[in-house]
Structure formats: C-alpha cells, structure tokens
Amino acid sequence: MNEKVEIVGKIVEDPYGSWDDCSPGLYIQGEDSSEECIAGRHGHSFLGKYEGQRIRLTIEVLPNLPEIDEDEPTVNFTFSQISDKGAWGEFCEWKGINEWCMNEGRADGGEKVEIPISKAKELGLI
C-alpha cells in the first residue's frame, strides 16, 4: 500500500531563513507554528503562487518502478485495450497513475503506452 502524508498550513516566504537552518526560501507554516521548507533560495516553486494562503498538500509515496531492460522489445496498447482485458488496476499500480484518470477525464482511452513484452505477459495482455 502506498504511504500518504498530509500537510496543512500557510505558505510563507522567509527571505532570511529560519532559526533552524538559516535557509531563505518558501515554507509551509503549520498550525503548531512548525515550518517545513518547500523551496530554497528565493522561494522559486510552483507553490509560490499560494504565498499567504492556507493549503493542504497530500503526498503519496508511490512504489518504485521496475527497471526496464532497454533491449527488451515492447508492445503498444491503448488505455482502453488494457482496461478491456481487465488489467487496468495492475497497470495503474505498476505505472503509478490514478486508476480513475479515464473516468475523471484526465486521460483518454485512446492514449497509447509502450509496455515491455515480459510485463505485458505478466499483466495478461498477451
């Protein structure tokens, strides 16, 4: 099972650094006044646009993807083909993607993906 961590707090910029590490940057200030650095050196981060606002971040630690042998032949499948063969859940876990992405409109059933033959056999696609 994947580990999930939830962080709730306000985005604040500290141009001088905290007392703990003296690193200037962008921090999430928790409700208990703790601070977690999310971007060092001038706070350049995609979270910078939320400065001064309270946010909730959920971090999901995904399993490591297995190393793929570069010389192994691959087969192309569409998301729909993978789903139709009943391998969608296992495929999503392997790739680290949300299994509801097609239902939520974030992925198209016609999207193609390259899968090594050994993995395609393991998933029951061939």
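Residues numbered from 1 in each chain as written. Predicted model: local features only at pLDDT ≥ 70, side-chain atom pairs only at ≥ 80, totals over all residues. Heavy atoms only, no water.

Side note on helix H2 (residues 88–95)
Quick note on the threshold: Only protein chains enter the accessibility calculation, which uses a 1.4 Å probe; a residue is then buried when its area is under 20% of its type maximum, exposed when over 50%, and partly exposed in between. The helix count covers DSSP runs of H or I at least four residues long, the strand count covers runs of E at least two residues long, and both are numbered beginning at the N terminus. Along the arc lie the directions from the helix axis toward the C-beta atoms. Any two residues whose heavy atoms approach within 4.5 Å at even a single point are treated as in contact.
Within the sequence span of H2, burial applies to Trp88, Phe91, Cys92 and Trp94. Buried residues along H2 cover an arc of 160° about the axis, so they all sit on one side. On its buried face, H2 is in contact with helix H1 (79–84), strand S6 (112–116) and helix H3 (117–122). The first or second residue beyond H2 is Gly96, which carries a positive phi of 75°.

Regarding the nonpolar core
Going by this rule: Nonpolar cores were defined as sets of buried Ala, Val, Leu, Ile, Met, Phe, Trp, Tyr and Cys residues, with membership established by side-chain atoms within 4.5 Å.
Ranked by internal contacts, the top residues of the largest apolar core, which has 15 residues, are Ile82, Trp88, Phe91, Ile115 and Leu125. When residues of this core are traced back to their parent elements, those giving at least two are H1, H2 and S6. The dominant element in this core, judged by the number of residues it contributes, is H2, at four residues. Aside from chain neighbours lying at most four places away, what touches Leu125 is Phe77, Ile82, Lys85, Ala87, Ile115 and Ala120.

Side note on the pattern of salt bridges
Our working definition: Criterion for a salt bridge: a side-chain nitrogen of Lys or Arg within 4 Å of a carboxyl oxygen of Asp or Glu.
Going through the model one piece at a time under the given rule, you end up with two salt bridges. A salt bridge links Arg106 to Glu104; the shortest N-O distance between them is 2.3 Å. Between Glu122 and Lys119 there is a salt bridge, and its shortest N-O distance comes to 2.9 Å. With Glu122 and Lys119 both in helix H3 and three residues apart, this pair spans about one turn of that helix. Taking the relative accessible area as the measure of exposure, Glu122 reaches 56% and is therefore exposed.

Things to note about the packing of aromatic side chains
For any two aromatic rings, the description comes down to two numbers: the centre-to-centre distance and the angle of the planes. Here is the rule we go by: In summary, the pairing rule links any two rings of Phe, Tyr or Trp, Trp by its six-membered ring, whose centres are within 6.5 Å, and it sorts them by plane angle into stacked for under 30 degrees, edge-to-face for over 60 and tilted for everything else.
Within the structure shown, the criterion is met by four aromatic pairs. On the numbers, 5.7 Å between centres and 35° between planes, the contact of Trp88 with Phe91 is tilted. Taken together, the residues span about one helical turn, with Trp88 and Phe91 both in helix H2 at a distance of three residues. Judged by its relative accessible area of 9%, Trp88 is buried. Looking at Phe91, the relative accessible area reads 1%, which means it is buried. Measuring from centroid to centroid gives 6.1 Å for Phe91 and Trp94, while their planes differ by 55°, and the two rings are tilted. One end of the pair, Phe91, and the other, Trp94, are both in helix H2, three residues apart, so they sit about a helical turn from each other.

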